[in-house]
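Chain residues, written in single-letter form:
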Amino acid sequence: MKRLLILGAGTGGTIMANKMRKILARDEWDITIVDQHKTHYYQPGFLFIPFGMYTRQDVVKPKTSFLPLGVNVIFQEIDRIDGASNHVIMKDGTSLKYDYLIIATGTRVVPDETPGLKGPLWHKNVFDFYTIEGATALAEFFKTWPGGELVLNIADVPIKCPVAPLEFVMFADAFFVERGIRNKVNISYSTPMSGAFTKPRASKVLGALLEEKNINIIPDFYLEKVDNEKKALVSYDEREIPFDCLVTVPVHKGDAMIGRSGLGDEMDFAKAHKHTLQSDFFPNIFVIGDAGNFPTSKAGSVVHFQADVLTENLMCAIENRPFTESFDGHSNCYIETGFGKGALIDFNYDTEPLPGSFPFPGIGPFGLLKETRMNHYGKLMFRWIYWHILLKGKEMPIDSKMTMAGKKM
Amino acid sequence: MSQKTFAGVTVDVNEEGYFTNPAQWTKELAVEVAKEEGIQLTDKHLAVLDFLRERFAKGDNLTIRSVGNSGIVDIKGFYGLFPGAPMKKAAKIAGIPKPSSCV
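How each quantity is defined
Residues numbered from 1 in each chain as written. Chains lettered and ligands numbered in written order. Predicted model: local features only at pLDDT ≥ 70, side-chain atom pairs only at ≥ 80, totals over all residues. Axes fitted to C-alpha atoms, helices over the stretch in contact; angles between N-to-C directions. Helix = DSSP H or I, 4+ residues; strand = E, 2+ residues; numbered from the N terminus. Left-handed = near helix turned anticlockwise from the far one by under 90°. Contact = placed C-beta atoms within 7 Å. Nonpolar A, V, L, I, M, F, W, Y, C, P; charged D, E, K, R; others polar. Pairing = 2+ DSSP bridges. pLDDT = per-residue confidence, 0-100. Domains from an automatic or database assignment. Core = buried A, V, L, I, M, F, W, Y, C linked by C-beta atoms within 7 Å. Buried ≥ 20, exposed ≤ 12 C-beta atoms within 10 Å, placed from the backbone. Parallel < 35°, antiparallel > 145°, perpendicular 65-115°, else oblique.

## Things to note about the packing of helix H1 (residues 11-23) of chain A against helix H8 (residues 300-318) of chain A
All names here are of chain A. Between H1 and H8, the shortest axis-to-axis distance is 10 Å and the interhelical angle comes to 35°. For the element pair H1 and H8, the recorded crossing hand is right-handed. Here Thr11, Gly12, Ile15, Met16, Lys19, Met20 and Ile23 of H1 come into contact with H8, specifically with Gly300, Val303, His304, Ala307, Leu310, Thr311 and Met315. Looking at the contact of H1 with H8 residue by residue, the classes come out as 8 nonpolar, 5 polar and 1 charged.

Following this line, the structure appears as C-alpha cells:
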C-alpha cells in the first residue's frame, strides 16, 4: 500500500481528503489525515459573533463529519516532518511514513509576538476576533459597553482574510448605530499599510465607504507594544493611540512544526511554488492554503481554487507526468459593509479587484466592487455552501481560474 | 503607465511613482529617488535596498518584521533610515512595488 498523508483537517485538508479518496484506488492507496484538534470551525463566521449575529454553535462541527469513509483520521500533535526519509514524526515519538504529503496546517495568531498585547487587559479590554475564544469574549463585552474609543489594529501582514478587519469596523458602525450609542463610540482603523484600501480600483470605488461611516483611518502604524497602564497602542516610531476597547489582529505565523522541519520562511509559512503548489524542498510534498507562503490572500476561497489545481498536479506527480495545472492566485471574497449590504471582490496574482458582475457576465447575481443587498445574502448563504458542498470537494459553478468575463477595466 | 526621468534616465513608473519594471533600477537612480523622498543614501540604506530586492526577486513576503530580522538593521533602525513609513519609502527607492493588500 502506498500512503498519501495529509497534515491538517481544516478547510484545505478536508477538501483534499474528499477529492483524493474519490480518485485514488482504495486497494492501492491508504489516505491518512492528521490533526491535533477535533473541532472544525467555520472561520468566516467568527466576524459575526461579536455583534450577536452568530453564536458559537453556528460555527462549530466535528471534523469527522466532513471526512469520507476510507480515510484514516489521527488526532495527535505533530512534532516535525522529516522530508529526507519521508516520515512525519509525532509528538509521542511514533512516526508515519508517506509516499506523498500535503501540508494543510493553516496559520495561527500569535499575540505573544507583541509585548503587552497579552497583558492584564487581554480579554478584558483587548480582544481578537480570529479565535472562537476572542470572538465570544468580545460579544460578551459589547453587550454592556457604554462606548468610548474603539480601536481596531492590524499588527502586521500577512493576515487571514485581509478584508475581515474592514468588515469588522463597518459592522461595528452599524451595530452601535442600531444600539443608539454611535455618538458615544469613536471607531478607528489602524494598519501598517498605506491605507484601508491599497489597490487603485478598490480605493476609488470603495475608498469613501469608511469616511461616510465616520471611521477614522490611521495608516502606516506599525505596532511595537501595548501599554496596559495607559491603555494605548505604541508604534515603532513612538506614536500612541489610546483605546477603551482594542480589537487586535495579532501577528500571524504558520505552524511552528513547519519551522522545526526546516520547510518554511521566517514566519513558519511553508515555502512552495506559487503556481504548482509543490514544496521548494521536496518533490513529493505539496502545500495548500494558509500554511503556504503564497502571495495571495489567506482565505477559504483560495483554498477551494487551489484544491482543484493540487488534485491535478498531485496526480501528475504520482503518475510521473509533467504538471498540467497552474494556480493563478484566484481569490473571491465577500465584504460585509453593514446594514444588510455587502461588496464582492474577485482577483488573482496579476489582476486587482475590478468592478463588474459575478459569476455570470452582465447578469450577476452578484456585483463586483459595489455595495448590494444580494452580496450580503451571498455571504450568508455561503455558510451552507461551505458545510455541504465546499468541504466535501463537490463541484461548484465557479472556475478555479479567474476570468475577465464580466469585469470592467 | 507613466514615465519619469531621474538624472537623465527614463524609467516606467505607476501613478504613485513606484517602478513597474524592477530591472530598470540602478544604484544611481536610487540615489535620485531617495533625494525626492528627502533621504541621503548611505551604505546602510543600500544594504537594506539590496536585501529587499533580493527577497522580492525570490517572491518572498516583504514586511517591516522581515527587515528587522535581516541582521542589517533592527526595526527602530529601519525607521531611522526611512522615517515615517519605512517599508513604503524603501520599496519606492528599491524600485519594487509598494506593499499592498488584496483591496
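## Describing the sheet that holds strand S2 (residues 29-35) of chain A
Residues and elements named next belong to chain A. Here 5 strands make up an open sheet; going across it, the order is S5-S2-S1-S9-S20 and the pairing parallel. In this open sheet, the two strands that pair with only one neighbour each are strand S5 (71-75) and strand S20 (285-287). Across the sheet, the mean angle separating the axes of adjacent strands is 20° when strand polarity is ignored. Of the strand pairs in this sheet, strand S9 (residues 100-103) and S20 are connected by 3 bridges, and their pairing is parallel. Within S20, the position partnered with Ile102 by the bridge is Phe286. Running over the sheet, H1 touches strand S1 (2-7), S2, S5 and S9 and is turned about 170° from S2.

## With respect to the pairing of strand S23 (residues 356-360) of chain A
Residues and elements named next belong to chain A. Inspection of the sheet shows S23 paired to strand S24 (residues 364-368) by 5 bridges, in the antiparallel sense. Paired with Pro359 across the bridge in S24 is Pro365. If you look at the hairpin formed by S23 and S24, you'll find 3 residues sitting between the two strands, and Gly362 has a positive phi there, around 80°.

## Observations regarding the confidence of the model for chain B
In this model, chain B carries a mean pLDDT of 92, and residues with pLDDT of at least 70 account for 99%. Of the two predicted TM-score estimates for the complex, the pTM is 0.95 and the ipTM is 0.89.

## Quick word on the domain arrangement of chain A
Residues and elements named next belong to chain A. Per the domain assignment, the segments making up chain A are domain 1 (2-106 + 255-318), domain 2 (111-251) and domain 3 (331-390). Between the C-alpha centres of domain 2 and domain 3 the distance comes to 24 Å. Tallying the contact residues gives 14 residues for domain 2 and 14 residues for domain 3. Put simply, the parts of the chain that give the side of domain 2 that touches domain 3 at least two residues each are helix H4 (164-179) and helix H5 (200-206). At 6 residues, H4 tops the list of elements feeding residues into the side of domain 2 that touches domain 3. Looking at the side of domain 2 that touches domain 3 residue by residue, the class counts come to 10 nonpolar, no polar and 4 charged.

## A word on the interface of chain B and chain A
Chain B puts 20 residues into the contact, and the matching count from chain A is 27 residues. Counting only elements with at least two residues in the side of chain B that touches chain A, the list comes to helix H3 (64-68) and helix H4 (75-81) of chain B. Each residue belonging to the side of chain B that touches chain A can be placed in one class, and the counts come to 7 nonpolar, 8 polar and 5 charged.

## Let's talk about the nonpolar core
Side chains of a nonpolar character, in soluble globular proteins, are inclined to be buried together. Residue and element names in this part refer to chain A. Grouped together as the largest cluster of nonpolar side chains are 140 residues, with contacts concentrated most on Leu7, Met16, Ile288 and Ile345. Among the elements that take part in this core, H4 stands out by supplying 8 residues, more than any other. Leaving out residues up to four positions away in the same chain, Ile288 has contacts with Gly12, Met16, Ile102, Ala104, Leu277, Val303, Gln306, Ala307 and Leu310.

## Here's the deal with the packing of helix H2 (residues 43-57) of chain B against helix H5 (residues 86-94) of chain B
All names here are of chain B. At a minimum axis distance of 9 Å, the contact between H2 and H5 shows a crossing angle of 80°. Classified by the angle between their axes, H2 and H5 sit roughly perpendicular to one another. For the pair H2 and H5, contact is made by Val48, Leu49, Leu52 and Arg53 and by Ala90, Ala91, Ile93 and Ala94, respectively. For the contact of H2 with H5, the residue count by class is 7 nonpolar, no polar and 1 charged.

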